[in-house]
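Chain by chain, the residues run as shown.
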Amino acid sequence: MSPALEGAGSAGPAVEGAGSAGPALEVVRAGALTTVQDAGRTGWAHLGVPRAGALDGPALRLANRLVGNAPDAAVLETTATGCAVRVTGARPVLAVVGGAGCRVTVDGRPAAWGAPVRVPPGAVLEAGPAVQGLRGYLAFAGGLVPEPVLGSRSADLLSGLGPPVLREGDVLPLGPALSSLAPHADTVPWPGAPAELVLPLHPGPRDGWFTERALRTLASAAYRVSERSNRVGLRTEGGPALERAVEGELPSEGMVLGAVQVPPDGLPVVFLNDHPTTGGYPVVGVVAEAALARAAQAVPGTPVRFVRA
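Summary of the structure given here. Please read these numbers as outputs of a predicted model, since none were measured by experiment.

1. Focus on empty space enclosed by the protein
Inspection of every chain in the model, using the stated rule, returns three cavities of 30 Å³ or more. Estimated volume of the largest cavity: approximately 50 Å³. Every residue lining the largest cavity is listed: Thr78, Ala80, Gly82, Val97, Ala100, Cys102, Ala127, Gly128, Ala130, Leu134, Gly136 and Leu138. Elements supplying a minimum of two residues to the lining of the largest cavity: strand S5 (93-101) and strand S10 (132-140). By residue class, the composition of the lining of the largest cavity is eight nonpolar, four polar and no charged.

2. A short note on the environment of Gly114
For Gly114, the position within the fold is in the loop between strand S7 (109-111) and strand S8 (117-119). Along the primary structure Gly114 and Val269 are separated by 155 residues, whereas in three dimensions their C-alpha atoms are 31 Å apart.

3. Looking at helix H2 (residues 57-66)
Because each turn of an α-helix spans 3.6 residues, side chains separated by three or four positions in sequence point in the same direction. Counting buried residues along H2, seven of its 10 residues qualify, which places the element largely inside the surrounding structure. Inspection of H2 places Gly57, Ala59, Leu60, Leu62, Ala63, Asn64 and Leu66 among the buried residues, and these make up the whole buried set. Those residues of H2 that are buried are in contact with strand S2 (35-37), strand S3 (75-79), S5, S10 and helix H4 (292-296). Residue Asp56 occupies the N-cap position of H2, its side-chain oxygen lying 3.2 Å from the main-chain nitrogen of Ala59. A positive phi of about 80 degrees marks Gly68, the residue just after H2.

4. Digging into the packing of aromatic side chains
Taken as a whole and assessed by the stated rule, the structure comprises two aromatic pairs. Centre to centre, the rings of Trp113 and Trp190 are 5.7 Å apart; their planes meet at 50 degrees, and the pair counts as tilted. Here Trp113, found in the loop between S7 and S8, pairs with Trp190, found in the loop between strand S11 (171-173) and strand S12 (197-203); they are 77 residues apart in sequence, far enough to count as distant. With 6.3 Å between their ring centres and 75 degrees between their planes, Tyr223 and Phe306 make a pair best called edge-to-face. Of this pair, Tyr223 sits in strand S13 (residues 223-225) while Phe306 sits in strand S20 (residues 303-308), placing them 83 residues apart in sequence. The exposure class of Phe306 is buried, given its relative accessible area of 2%.

Here is what the cut-offs are and how they apply
Residues numbered from 1 in each chain as written. Predicted model: local features only at pLDDT ≥ 70, side-chain atom pairs only at ≥ 80, totals over all residues. Heavy atoms only, no water. 1 Å grid on protein atoms, 1.4 Å probe; cavity = no way out; pocket = protein on both sides within 12 Å on 5 of 7 lines; lining within 4 Å. Points joined across faces, edges and corners; volume = space filled by probe spheres on them. Helix = DSSP H or I, 4+ residues; strand = E, 2+ residues; numbered from the N terminus. Nonpolar A, V, L, I, M, F, W, Y, C, P; charged D, E, K, R; others polar. Buried < 20%, exposed > 50% of the residue type's maximum accessible area, 1.4 Å probe, protein only. Contact = heavy atoms within 4.5 Å. Polar contact = N/O pair within 3.5 Å; in protein donor to acceptor, adjacent residues only side chain to side chain. Phe/Tyr/Trp six-rings, centres within 6.5 Å; stacked < 30°, edge-to-face > 60°.

Listed below in structure tokens is the structure:
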């Protein structure tokens with residue numbers, strides 16, 4: 001995984017919004033790539049604004065449910081190396097670390113992973129490096145409340161909208177806990193990281209730009225997740241290049257979440273949440289959104305297969 005590719009637009013401290021006088025989080029260890037994410041910035045693609053939002057939507061919703069938040073409350077999304085934050089303010093904060101499996105500690109003492117943990121004022125909650133999966137999610141009762149941009153608190157690494165990538169010393173305010181949504185104290189099963197990433201593919205709109213042999217290859221070949229993957233797209237490697245039937249390039253056209261674009265090297269790229277809203281390389285097919293959460297947890301080297309939906 002290449003944090004450098006993902007960190008565009010990361011300069012500057014995290015922006016504090018409403019509620020900054022109350023409980024907050026101070027970043028003690030930012031990790032390779034930690035961002036604020038919620039359910040995403042929908043409805044702006046016609047203006048060139050990507051969706052952004054948590055790559056693993058089910059993990060976002062489950063983490064929020066466990067601390068009594070609304071499903072779309074903003075959380076921290078970590079990449080591979082985890083992060084550590086200190087709770088500031090006068091009261092304890094209920095938190096949960098989920099998504100990628102990792103060691104969890106509170107002030108150095110072991111704490112539960114995937115279940116609610118009460119973090120005292122001044123204590124440091126740390127999510128260690130991922131031991132299974134790739135992206136972790138840290139939810140806190142009340143949710144993170146940096147200033148929203150176009151209706152979302154998500155960091156968009158392609159456009160630079162929303163809070164920047166976290167750095168040590170940044171402070172993020174928390175909202176008030178929602179007493180009407182009781183936290184769930186019990187542990188729940190979390191999906192594991194995929195040993196193999198199987199992506200159902202709806203052909204088109206530009207599958208006609210590829211030879212019949214290329215389309216058969218796509219349906220049978222084994223690729224791998226490339227370490228050059230990021231929040232913009234899951235890049236593949238290790239499989240055969242797809243042969244073109246049409247030379248040249250397309251004029252730029254609209255791109256959707258899950259589009260499988262084929263650049264000149266012939267290796268498919270699956271567009272994820274920070275994808276550009278337009279592009280000129282042909283799209284051989286589209287992966288349904290429901291299948292993309294597993295892509296968020298696929299570590300570099302994971303086998304990838306495309307199957308006709």
